[in-house]
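Each chain, written out:
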Protein chains: 2
Amino acid sequence: MMRTRPLKVALLGCGVVGSEVTRIMTTHADDLAARIGAPVELAGIAVRRPDRVRAGVPAELITTDATALVKRGDIDVVIEVIGGIEPARTLITTAFEHGASVVSANKALVAADGAALHAAAEANGADLYYEAAVAGAIPLVRPLRESLAGDKVNRVLGIVNGTTNFILDKMDSTGAGYSEALDEATALGYAEADPTADVEGFDAAAKAAILAGIAFHTRVTIDDVHREGLTEVTAADIASAKRMGCTVKLLAICERAADGASVTARVHPAMIPLTHPLASVREAYNAVFVESDAAGQLMFYGPGAGGAPTASAVLGDLVAVCRNKLAGATGPGESAYTRLPVSPMGEVVTRYHISLDVADKPGVLAQVATIFAEHGVSIDTVRQQGKDGEASLVVVTHRAADAALSSTVGALRELDTVRGVASIMRVEGE
Amino acid sequence: MMRTRPLKVALLGCGVVGSEVTRIMTTHADDLAARIGAPVELAGIAVRRPDRVRAGVPAELITTDATALVKRGDIDVVIEVIGGIEPARTLITTAFEHGASVVSANKALVAADGAALHAAAEANGADLYYEAAVAGAIPLVRPLRESLAGDKVNRVLGIVNGTTNFILDKMDSTGAGYSEALDEATALGYAEADPTADVEGFDAAAKAAILAGIAFHTRVTIDDVHREGLTEVTAADIASAKRMGCTVKLLAICERAADGASVTARVHPAMIPLTHPLASVREAYNAVFVESDAAGQLMFYGPGAGGAPTASAVLGDLVAVCRNKLAGATGPGESAYTRLPVSPMGEVVTRYHISLDVADKPGVLAQVATIFAEHGVSIDTVRQQGKDGEASLVVVTHRAADAALSSTVGALRELDTVRGVASIMRVEGE
């Protein structure tokens, strides 16, 4: 049954992921051929720095002309592991125009421009697969897009950035502050020299956009995602979470509104109960909870980054795309038929943990409670601590709209007796 | 882009799962049509007892003649949720011969006869999908078969039976014995009136066979799976596990041998460390760990049974199979090219926890240790407890072949000073 003419693959980018893809395609060529039904051949590898030594990467395949490679005309599949918007976008579009299908690990590009890329794939009868763009090796895109295709997903709640989970886990387990934990993450290679994309939540926001779009069969771009990083999380926040039986995680949360008419997508630090399965996700691991009507609660857990795990996801897609090529078919494309609008953050309904520095005198709690009531935010618990004329109030609310909470906090800041709002953190997973 | 002629679906069986499939196909018809690219129509439902009231199931679709239904000639997809070997096998084969693809939730049949069913599907250009056969709603078949198709899976370790996990969880959390915990499971509907298939491990063994075959690209039937149920697990075993920082779970374990030349598949109770993610899987939930070369450790968690979760898996497969039909293609079929043999239990290498009742006199430990040494089983730790002439020895070994451990235990029973072997349990997940 095996076809003998090989399928030709062009690889764009040969860094940590690309090198692993090359290694596995070389060492496991027989397995890949058996699983696809035809041999696959690496026909060219486009890189920016051809002089860099790449162990195990055939030198004769290296080229600096990525455009010429995707235009060759005999390429069946292009694997894009360059990252970033350009030149990746133009190269992928060119690949489609020349008859190739594309496997990409590029979360930024898919989150920014997924609809246009899917349209280009469809117009050319090609596939666009990107399992590796979300949570590394963890199968998420395929389960959401295919396994749950007969179900109604209501919520996706996940830890999708390993760097920030490593930092928060260190802060939680050692009592370290943010800077100290970031330094350790950098020293161990979990954080990049410029950690902005991770710690400011851009990376997680891109993944949230992709997950929300697939889960709710609509279009969500990174611009639709409310984003807060973890740079302002303090050791005091973590300690406060512990007192509540919680821990702090940077979460990506995609939800269908209660009335089903809109969706929300957001990334921010949040307290979750220690009893929640996501609370025990340690170090740089990722995990994603999916809640749906029929399946109930599912969780997917594994390494969210790294060369080999990301290559595993890329090669799983490569096998699928090659099988589709041989069958003369394409896999599932974009499914965005619901066209559900993305609501702004103010409409998100959740719970809040607010720490206030207040004057230590009678009547302060009554004043604060009045402000909450006036803005329609119901208080669940209050903890009061005071000494030497200084005091703190920790308020945990019932569920309320984010806009109502913001107004409440604005009004609290106006009170003479409130000296400062030490922190506001959402409480999730209950 | 939507085709207007509907795809016709025949449903075989309308119990807990079939009723949910019918309900979702009816209430979410528009979503299914949008995701498939054509409407799907329930064309007939075959049942044994047509007089049983089925809320929400259209009476005019009910028939008792399943054979006539699958032979109609206009059926695109047959959903089989009858269970058992016959008549399911004959009906599925007949469905293939009449041009239909098949979605099945039938673990017993796939584990007994998967190769022949796949061959029949392939001979007729049809699909055979069975995500619902393993661990209910948890996507496992598709991730193993597709997402990890470019990786090398070395180990699958999972809790794949909810009834037995509920029983063991109760024993662990309340100190109850097996019978008492089984009674509670029965009262709550987690165990059937005849719990044999669950508590003797037949259900888990079928799932282990399916997972091993897919994970290692070979053929494994239920007869290849070593099976021990949990009826002999005692409260003392659970207490002993706790003293070791472990809990007891009924595990399905599929492994590639260290030399890569064979595989093993087994189901038995085992101690696992409390720090292992599977240790915290409570009540009737299922979870499966997958270890592969490139992806590393992945875990999939969710409800392993129940009408709605199983229906979710069935409908995910239905959407995939319908898309394949529309594309004139088939999805991935059987992948068994490695033809790796399944080794017997004696060749499995793991650790053991052995409780012995011994005479409380000097020299017993030396005798026992000599027996272990003579059989090449290295001891990790020994704990000795004694009073009033009676004593117990608890031995935990290093890794050893199961055959060597069996010989060791046989020789121990011959010793005058060993009054009995109270329990033997394997230790996994370290």
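Keep in mind it's a predicted model, so treat the numbers as computed, not measured. (Residues numbered from 1 in each chain as written. Chains lettered and ligands numbered in written order. Predicted model: local features only at pLDDT ≥ 70, side-chain atom pairs only at ≥ 80, totals over all residues. Heavy atoms only, no water.)

Moving on, we come to the interface of chain A and chain B. Interfaces are often sized by the accessible area lost when the parts come together. Every contact between the two is made by 46 residues of chain A and, on the other side, 46 residues of chain B. Note on chain A versus chain B: buried area summed over both sides is about 3,800 Å², and carbon and sulfur give 57% of it. Where chain A meets chain B, there are two salt bridges. Note that Arg142(B) and Glu146(A) form a salt bridge whose closest N and O atoms lie 3.7 Å from each other. Where chain A touches chain B, the interface holds 16 residue pairs in polar contact (both at pLDDT 80 or more). Of all the secondary structure elements, the ones that give two or more residues to the side of chain A that touches chain B are α2 (29–36), α6 (141–147), β12 (296–303) and α12 (307–327) of chain A. The greatest single-element share of the side of chain A that touches chain B, amounting to eight residues, is contributed by α12(A). The class makeup of the residues in the side of chain A that touches chain B is 26 nonpolar, nine polar and eleven charged. (Contact = heavy atoms within 4.5 Å. Buried area = accessible area lost by both parts, 1.4 Å probe. Salt bridge = Lys/Arg side-chain N within 4 Å of Asp/Glu carboxyl O. Polar contact = N/O pair within 3.5 Å; in protein donor to acceptor, adjacent residues only side chain to side chain. Helix = DSSP H or I, 4+ residues; strand = E, 2+ residues; numbered from the N terminus. Nonpolar A, V, L, I, M, F, W, Y, C, P; charged D, E, K, R; others polar.)

Let us look at the relation of the copies chain A and chain B. Between chain A and chain B, which share one sequence, the superposing operator has a rotation angle of 180° and an axial displacement of 0.0 Å; the RMSD is 0.0 Å. Interpreted geometrically, this transformation is the action of a two-fold axis. Among all residues of chain A, the one whose C-alpha sits closest to the rotation axis is Phe300(A), at a distance of 2.5 Å. Interface residue correspondence from chain A to chain B reaches 100%, placing this contact among same-surface, isologous pairings. (Least-squares fit on C-alpha atoms with pLDDT ≥ 70 in both.)

Let us now look at the side chain of Asp169(B). Residue and element names in this part refer to chain B. Its location among the elements puts Asp169 in helix α7 (residues 162–174). The exposure class of Asp169 is buried, given its relative accessible area of 6%. Within the local environment of Asp169, its side chain forms a polar contact with the side chain of Arg282, the two groups lying 3.4 Å apart. (Buried < 20%, exposed > 50% of the residue type's maximum accessible area, 1.4 Å probe, protein only.)

Residue and element names in this part refer to chain A. Domains assigned within chain A are domain 1 (7–136 + 307–327), domain 2 (147–303) and domain 3 (345–427). When each unit is reduced to the centre of its C-alpha atoms, the spacing between domain 1 and domain 2 is 28 Å. Taken together, the contact between domain 1 and domain 2 spans twelve residues of the former and 13 residues of the latter. Between domain 1 and domain 2, the buried area comes to about 940 Å², and carbon and sulfur atoms account for 76% of it. Applying the counting criterion to the domain 1 and domain 2 interface returns one salt bridge. For Asp203, the salt bridge goes to Lys107, with nearest N and O atoms at 3.4 Å. Per-element accounting of the side of domain 1 that touches domain 2 gives the leading share, six residues, to helix α5 (residues 107–123). Residue composition of the side of domain 1 that touches domain 2, by class: ten nonpolar, one polar and one charged. (Domains from an automatic or database assignment.)

What follows concerns the packing of helix α1 (residues 16–27) of chain B against helix α12 (residues 307–327) of chain B. All names here are of chain B. In contact at an axis separation of 8 Å, α1 and α12 are set at 60° when each is read in the N-to-C sense. Considering their axes alone, α1 and α12 lie oblique with respect to each other. The handedness of the crossing between α1 and α12 is right-handed. Here Val16, Val17, Glu20, Val21, Ile24 and Met25 of α1 come into contact with α12, specifically with Gly307, Ala308, Thr310, Ala311, Val314, Leu315 and Leu318. Looking at the contact of α1 with α12 residue by residue, the classes come out as ten nonpolar, two polar and one charged. (Axes fitted to C-alpha atoms, helices over the stretch in contact; angles between N-to-C directions. Parallel < 35°, antiparallel > 145°, perpendicular 65-115°, else oblique. Left-handed = near helix turned anticlockwise from the far one by under 90°.)

Residues annotated in UniProt with the feature "binding site: NADPH" (unreviewed entry) correspond here to Lys107(A). Apart from residues no more than four positions distant in its own chain, Lys107(A) is found in contact with Ala133(A), Asp203(A), Ala206(A), Lys207(A) and Ile210(A). (UniProt positions renumbered as here; feature names shortened; annotations may be inferred.)

Residue and element names in this part refer to chain A. Here the structure, examined in full by the defined rule, presents 40 salt bridges over all chains. Residue Glu291 pairs with Arg155 through a salt bridge whose shortest N-O separation is 3.4 Å. Here Glu291 is found in strand β11 (residues 285–292), whereas its partner Arg155 is found in strand β7 (residues 153–159), with 136 residues between them in sequence. Since its relative accessible area comes to 14%, Arg155 is described here as buried. For Lys207, the salt bridge is made with Asp203, and the minimal N-O distance between the two is 2.7 Å. Placement of both Lys207 and Asp203 in helix α10 (residues 202–216) is noted, with a separation of four residues, approximately one turn of the helix. Note on Lys207: relative accessible area 4%, which makes it buried. Residue class for Asp203 comes out buried when judged on its relative accessible area of 12%.

So, on to the pairing of strand β4 (residues 77–80) of chain A. Residue and element names in this part refer to chain A. Here β4 shows no split at all, with Val77 and Ile79 on one side and Val78 and Glu80 on the other all buried. When strand β1 (residues 7–12) meets β4, the two strands line up parallel, connected through four bridges. Each residue of the ladder has a partner; that of Leu12, found in β4, is Glu80. Pairing of β4 with strand β5 (residues 101–104) involves four bridges; the strand directions are parallel. Residue pairing for β5: Glu80 is matched across the bridge by Ser104. (Pairing = 2+ DSSP bridges.)

Turning our attention to the packing of aromatic side chains. If you walk through the whole model with that rule in mind, you get five aromatic pairs over all chains. One residue, Arg145(A), lies across the ring of Tyr130(A), its end atom 5.6 Å from the ring centre. When the ring centre of Phe202(B) is taken as reference, the NZ or CZ atom of Arg227(B) above it lies at 3.8 Å. (Phe/Tyr/Trp six-rings, centres within 6.5 Å; stacked < 30°, edge-to-face > 60°. Lys NZ or Arg CZ within 6 Å of the ring centre and 35° of its normal.)

Turning to the nonpolar core, a few remarks are in order. In this structure, Val78(A), Ile167(A), Val78(B) and Ile167(B) are the most contacted members of the largest nonpolar core, which totals 162 residues. With sequence-adjacent residues up to four places away left out, Ile167(A) is seen in contact with Tyr178(A), Ala181(A), Leu182(A), Ala185(A), Val199(A) and Leu230(A). (Core = buried A, V, L, I, M, F, W, Y, C linked by side-chain atoms within 4.5 Å.)

Take the UniProt feature "binding site: NADP(+)" (unreviewed entry) in chain A next. All names here are of chain A. Residues annotated by UniProt as "binding site: NADP(+)" (unreviewed entry) correspond here to Leu12, Gly13, Cys14, Gly15, Val16, Val17, Gly18 and Ser19. Not counting the four nearest positions on each side in its chain, Cys14 is found in contact with Ser19, Thr22, Ile45, Ala46, Val47, Arg54 and Val57. By secondary structure assignment, the location of Val16 is in helix α1 (residues 16–27). Exposure remark for Val16: the relative accessible area of 62% places this residue in the exposed category.

In any sheet, the strands associate via hydrogen bonds between backbone groups, in a parallel or an antiparallel arrangement. All names here are of chain B. Here six strands make up an open sheet; going across it, the order is β3-β2-β1-β4-β5-β6 and the pairing parallel. Every other strand in the sheet has two partners, leaving β3 (62–63) and β6 (128–129) as the edge strands with one partner each. The sheet contacts of helix α4 (residues 88–97) involve β1 (7–12), β4 (77–80), β5 (101–104) and β6, and relative to β5 the element is tilted by about 150°.

Turning to unusual backbone geometry, a few remarks are in order. All names here are of chain A. Of note, the bond from Glu86 into Pro87 is cis; its omega dihedral lies within 30 degrees of zero at 10°. Along the polypeptide, Pro87 turns up in the loop between β4 and α4 (88–97). Positioned with a positive phi, Arg339 is a non-glycine residue whose angle comes to about 50°. Topologically, Arg339 is positioned in the loop between α12 and β13 (349–359).

Moving on to the environment of Arg219(A). Residue and element names in this part refer to chain A. Among the structural elements, Arg219 can be located in the loop between α10 and β8 (226–227). Residue class for Arg219 comes out partly exposed when judged on its relative accessible area of 40%. Along the backbone, Arg219 and Val342 are 123 residues apart, and their C-alpha atoms lie at a distance of 8.6 Å. A polar contact of 2.8 Å, which involves the side chain of Arg219, links it to the side chain of Glu334.

Moving on, we come to the environment of Thr90(B). All names here are of chain B. Tracing the backbone shows Thr90 in helix α4. Here Thr90 falls in the partly exposed class, since its relative accessible area comes to 44%. For the pair Thr90 and Asp127, spaced 37 residues apart in sequence, the C-alpha separation works out to 16 Å. A polar atom in the side chain of Thr90 sits 2.8 Å from the side chain of Glu86.

Attention now goes to the sheet that holds strand β6 (residues 128–129) of chain A. Residues and elements named next belong to chain A. Strands sit in the order β3-β2-β1-β4-β5-β6 across an open sheet of six strands; the sheet is parallel. Each having just a single partner strand, β3 (62–63) and β6 make up the two edges of the open sheet. The sheet contact formed by β1 and strand β2 (residues 40–46) spans six bridges and is parallel. Bridge pairing in β2 links Lys8 to Glu41.

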